[in-house]
Amino acid sequence: EVTGSVTLNAAATPVTLSRAGQNGRYTFAGTASQQITVKITGNTLGNVTVNLYTPSGAYQTGTTNSVAGFNLSTVTLSTTGTYTITMNPTTTATGSLNLQVTNP
């Protein structure tokens, strides 16, 4: 698994999944009542599922998409803490994408 962290409103972070079956797991610090949007650009993985989880591990939002650029639905964070974004190719594809979290 490829792991790392991103900063809200910072430049997009490149994520490379170079081995078949590899997934990505990135975190960011969020504040209660803050609106955020998870943005994906430069997707070369094909079909990839991107999900957002709360600090307690509850699913917040997500989508499966194969286009080069897409966003998750804008959400209002329920609590202050460390949120997790997972990126899972639906096949054994390798490639890369750029991950960004913005307000909103």
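Here the structure is shown first, and the text comes after it.
These numbers were taken from a predicted model, which means no experiment stands behind them.

Turning our attention to the packing of aromatic side chains. Counted according to the given criterion, the structure contains 2 aromatic pairs. Geometrically, the ring pair formed by Phe28 and Tyr83 is stacked, given 5.6 Å between the ring centres and 20° between the ring planes. With a gap of 55 residues between them, Phe28 in strand β3 (residues 24–30) and Tyr83 in strand β9 (residues 81–89) connect regions that are remote in the sequence. When sorted by exposure, Phe28 lands in the same class as Tyr83, which is buried. Here Tyr53 and Tyr59 contribute two aromatic rings whose centre-to-centre distance is 6.1 Å and whose plane-to-plane angle is 75°, an arrangement assigned as edge-to-face.

Negative phi is the rule for most residues except glycine; trans is the rule for most peptide bonds. Even without being glycine, Asn9 reaches a positive phi, approximately 65°. Assignment of secondary structure puts Asn9 in the loop between β1 (2–5) and β2 (13–17). With phi around 75°, Ser33 is a residue other than glycine that occupies positive phi space. Here Ser33 is to be found in the loop between β3 and β4 (35–41). A relative accessible area of 61% means that Ser33 is categorised as exposed.

About the thresholds
Residues numbered from 1 in each chain as written. Predicted model: local features only at pLDDT ≥ 70, side-chain atom pairs only at ≥ 80, totals over all residues. Heavy atoms only, no water. Phe/Tyr/Trp six-rings, centres within 6.5 Å; stacked < 30°, edge-to-face > 60°. Helix = DSSP H or I, 4+ residues; strand = E, 2+ residues; numbered from the N terminus. Buried < 20%, exposed > 50% of the residue type's maximum accessible area, 1.4 Å probe, protein only.

These values are about where atoms sit, not about what they do.
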